[in-house]
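Breakdown of the fold
Next come the chains, spelled out residue by residue.
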Amino acid sequence: MDNTTDPSTSDGGAMPVISTIRAKSLIRRELEKSSVIQSRMPNIKVFSGTSHPDLAQRIVDRLGIDLGRVVTKKFSNLETCVEIGESVRGEDVYIVQSGSGEINDNLMELLIMINACKIASALRVTAVIPCFPYARQDKKDKTGGENQKVKTLKYNEWKFRSRAPISAKLVANMLSVAGADHIITMDLHASQIQGFFDIPVDNLYAEPAVLKWIKENIPEWRNSIIVSPDAGGAKRVTSIADRLNVEFALIHKERKKANEVSSMVLVGDVKDRIAILVDDMADTCGTICHAAEKLMEAGATKVYAILTHGIFSGPAISRINNACFEAVVVTNTIPQDGHMRDCPKIQMIDVSMMFAEAVRRTHNGESVSYLFSNVPY
């Protein structure tokens, strides 16, 4: 006779057996719940630098793991000191640090964190750099020589463009020498920067998130036209325009010196349409504000600006406040809380889920190309 199936037996042994089985089952379930995250993502550690802790927290929340413990401080002589607060031996390490704010300090902090993890026997170290620093210094200017010179404002000296540095290549070398095994970034200013590295680089695109935002937040998007504020972004806007099945336009600009546009020419018809300016980054915002004025003069009904990296330095916020934008939309590859407080026109697209999915797929050895055309939900 099976006592465990009949609690009414007179030997009194069935109830304790059933209770013990149920108790063990409950304990097993609780242990499985507490360890389900570790079983899903074993041997992974995600650390955050000081440049963008909010994005790093969003990434680990999406992954269902805890942020790694790290202490960053400066000595009295302003040297950066980083202490990794937990073991990384044999772990797959991801360090989230964006090229924003105090860029040089944050870059140095990232290099030190990579090296600290590498010499602590981490299996692999991946630098997650949402906004790649020095990406605009990716080549020497085509014009140069003794007759092409730009006078600096601070010193009464002449600076020749032909002797400009290729700082993006220098940053690539520094990351590799520090010990990085892999780079994850988003919307590089020039895709060719990937070729500066001898290690794998995953360059994610904000385009899927931008398309999603346009369809959800601009009711008349079918009567829109996608506009590039310069020739370099033509490929980006044609791709978005093709996927929305709308037309595109181009603004040709000429610069006499950095951060200052001398003239603009609109190529395309924007009359009685919603113009959507799309670019990879905005710094002082002189270009997009002049472009918005040009579009309104050409007959556009509304002007939106959608940017991947909203740097917004110098007079950028005041320019946007005074410009004719319906909204200026940026991703959170750079912290935007302060900018959004100062300028109600600025709206944010959260791309943490794209980075989290890239981390998950990289860790599990899966393809990342799905993210080039889809937003993970």
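A brief structural summary. (Residues numbered from 1 in each chain as written. Predicted model: local features only at pLDDT ≥ 70, side-chain atom pairs only at ≥ 80, totals over all residues. Heavy atoms only, no water.)

**A word on the overall build of the protein**
Put simply, the test is: What counts as a helix is a DSSP run of H or I of at least four residues, what counts as a strand is a run of E of at least two, and both are numbered from the N terminus. By definition, residues are in contact when any of their heavy atoms lie within 4.5 Å. Accessible surface is estimated by sampling points in the Shrake-Rupley manner with a 1.4 Å probe; for residues, cover comes only from the protein chains shown.
Broken down by element type, the protein carries ten helices and 16 strands. Restricting to contacts in the protein with at least 6 residues of sequence separation, those with at least 24 account for 61%. In the form shown here, the protein has an accessible surface area of approximately 19400 Å², with 51% of it arising from carbon and sulfur atoms.

**Describing helix α4 (residues 167–178)**
Each full turn of the α-helix corresponds to 3.6 residues, which orients residues three or four apart in the same direction. For the record, the criterion: Each residue after the first adds 1.5 Å to the expected span of a helix. Burial classification: accessible surface area is computed with a 1.4 Å probe over protein chains only, and a residue below 20% of its type maximum counts as buried, one above 50% as exposed, and the rest as partly exposed. This arc is taken over the directions from the axis of the helix to the C-beta atoms.
Across its twelve residues, α4 extends 16 Å between first and last C-alpha, which sits within 8% of the 16 Å expected from 1.5 Å per residue. Those residues of α4 that sit buried are Ser-167, Ala-168, Val-171, Ala-172, Leu-175 and Ala-178. For α4, the buried positions fall inside an angular range of 150 degrees around the axis, keeping them on one side. If you follow the buried residues of α4, they end up packed against α3 (103–119), β5 (124–129) and β8 (182–186). A positive backbone phi angle near 120 degrees is found at Gly-179, which sits one or two residues after α4.

**Comments concerning the packing of aromatic side chains**
In this description, a pair of aromatic rings is defined by centroid distance and the angle of the planes. Defined as follows: Paired rings are identified among Phe, Tyr and Trp, the last through its six-membered ring, by centres lying within 6.5 Å, and are further divided according to the angle between planes into stacked (under 30 degrees), edge-to-face (over 60) and tilted (the rest).
The final tally for this structure, using the stated rule, is three aromatic pairs. Ring centres of Tyr-205 and Phe-372 lie 5.4 Å apart, and the angle between their planes is 80 degrees; on these two criteria the pair is classed as edge-to-face. One end of the pair, Tyr-205, is in the loop between β9 (201–204) and α5 (207–217); the other, Phe-372, is in the segment after α10 (352–364), and 167 residues separate them in sequence. Given the relative accessible area of 30%, Tyr-205 is considered partly exposed. A relative accessible area of 32% places Phe-372 in the partly exposed class. Measuring from centroid to centroid gives 6.3 Å for Trp-213 and Tyr-304, while their planes differ by 70 degrees, and the two rings are edge-to-face. Residue Trp-213 is located in helix α5, and its partner Tyr-304 is located in strand β14 (residues 302–310); the two are separated by 91 residues in the primary sequence.

**Looking at the sheet that holds β8**
Note the threshold: One requirement defines pairing of two strands: DSSP has to find at least two bridges between them. Comment: axis = line fitted to C-alpha atoms, over the contacting stretch for helices; angle = value between 0 and 180 degrees taken between N-to-C directions.
If you walk across this open sheet you meet the five strands as β1-β4-β5-β8-β9, and the pairing is parallel. Either end of the sheet is taken by a strand with one partner, and the two such strands are β1 (44–48) and β9. Going across the sheet, the axis of each strand differs from the next one's by a mean of 15 degrees, ignoring polarity. Here β5 runs beside β8; their pairing, made up of four bridges, is parallel. Paired with Ile-129 across the strands is Thr-185, a residue of β8. The sheet strands contacting α10 are β1, β4 (92–96), β5, β8 and β9, and the helix crosses β8 at an angle near 155 degrees.

**So, the side chain of Thr-185**
Position of Thr-185 among the secondary structure elements: in strand β8. For Thr-185, the contacting residues outside a window of four places in its chain are Ile-129, Pro-130, Phe-132, Val-201, Asp-202, Asn-203, Leu-204 and Phe-355.

**Topic: the packing of helix α2 (residues 53–63) against α10**
The cut-off we apply is this: Angle categories: roughly parallel below 35 degrees, roughly antiparallel above 145, roughly perpendicular from 65 to 115, and oblique for all the rest. Crossing handedness follows the turn of the near helix against the far one: under a right angle anticlockwise gives a left-handed crossing, and clockwise gives a right-handed one.
Between α2 and α10, the shortest axis-to-axis distance is 8 Å and the interhelical angle comes to 55 degrees. Here α10 runs oblique to α2, going by the angle between their axes. Where α2 crosses over α10, the two elements pack in a sense that is right-handed. Contacts between α2 and α10 involve Leu-55, Arg-58, Ile-59, Arg-62 and Leu-63 from the former and Ser-352, Met-353, Phe-355, Ala-356, Val-359 and Arg-360 from the latter.

**Examining the pairing of β5**
Test applied: Viewed with both strands pointing away, a crossover whose connecting path from the first strand over the helix to the second turns clockwise is right-handed.
Here β5 lies mainly inside the structure; five of its six residues are buried. Bridge count between β4 and β5: five bridges; the pairing is parallel. In the sheet register, Val-93 faces β5, and the bridge partner there is Val-125. Assessed by its sense of winding, the connection that carries the chain from β4 through α3 to β5 is right-handed.

**So, unusual backbone geometry**
Residue Leu-78 is not a glycine yet carries a positive backbone phi of 75 degrees. Overall, Leu-78 belongs to the exposed group, its relative accessible area being 62%. Backbone geometry places Ser-121, a non-glycine residue, at a positive phi of 70 degrees. Structurally, the position occupied by Ser-121 is in the loop between α3 and β5.

**Observations concerning the environment of Ile-103**
By the secondary structure assignment, Ile-103 is in helix α3. Residue Ile-103 is classed as partly exposed on the basis of its relative accessible area of 32%. Considering only alpha carbons, one finds Ile-103 and Phe-132, 29 residues apart in sequence, at a separation of 10.0 Å. Not counting chain neighbours up to four residues away, the residues in contact with Ile-103 comprise Pro-133 and Tyr-134.

**Quick word on the nonpolar core**
Condition: As used here, the term nonpolar core means buried Ala, Val, Leu, Ile, Met, Phe, Trp, Tyr and Cys residues forming a set that is joined through side-chain atoms within 4.5 Å.
Among the nonpolar cores identified, the biggest contains 46 residues, and Ile-214, Ile-226 and Ile-276 are the most heavily contacted of them. Here this core gets six residues from one element, more than from any other, and that element is α10. With residues near it in sequence (within four places) discarded, Ile-226 still touches Val-237, Ile-240, Ala-241, Leu-244, Val-246, Glu-247, Phe-248, Ala-249, Ile-276 and Val-278. In terms of nonpolar packing, the next biggest core, distinct from the first, is built from 31 residues, Val-88, Leu-107, Met-113 and Ile-199 among them.

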